[in-house]
Amino acid sequence: MTLLTTTVNSLWQVLLVGLLFGAGLPAIFALGLRSLGGTDTGEGVSQPTVAGRIGAWACFAVVLIAIITGILLLMQGFLASSFGIHIF
């Protein structure tokens, strides 16, 4: 029974991380692009609002931080052994 509970516990963690990085980050990036779309001014020119720009940059910042964190997690052993830098 312990093996089953351990497997199910690991499975939901892998599923959550897969959804977050597999579909979540591209969705956040798309939301940021949509926020930059703005509203129609009637002249055919679409200008983003101030709130749209702030929301877009917040979405882009979340995606960028997730990418940098992932790279640093992958390089954790190399940075520790080569340069003595212990990040996490």
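Bear in mind the structure is a predicted one, so any value in this text is a computation, not a measurement.

Asks: Talk me through the environment of Val62; I want residue IDs and the actual numbers.
Replies: Examined against the element boundaries, Val62 turns out to sit in helix α2 (residues 50-74). Taking the relative accessible area as the measure of exposure, Val62 reaches 43% and is therefore partly exposed. Along the primary structure Val62 and Ala30 are separated by 32 residues, whereas in three dimensions their C-alpha atoms are 12 Å apart.

Asks: Explain α2 to me, using residue names and the numbers behind them.
Replies: End to end, α2 covers 36 Å across 25 residues, agreeing with the expected 36 Å (1.5 Å per residue, within 8%). Taken together, the buried positions of α2 are occupied by Gly52, Ala56, Cys59, Phe60 and Val63. Against α1 (2-35) lie the buried residues of α2.

Conventions used here
Residues numbered from 1 in each chain as written. Predicted model: local features only at pLDDT ≥ 70, side-chain atom pairs only at ≥ 80, totals over all residues. Heavy atoms only, no water. Helix = DSSP H or I, 4+ residues; strand = E, 2+ residues; numbered from the N terminus. Buried < 20%, exposed > 50% of the residue type's maximum accessible area, 1.4 Å probe, protein only. Expected span 1.5 Å × (residues − 1). Contact = heavy atoms within 4.5 Å.

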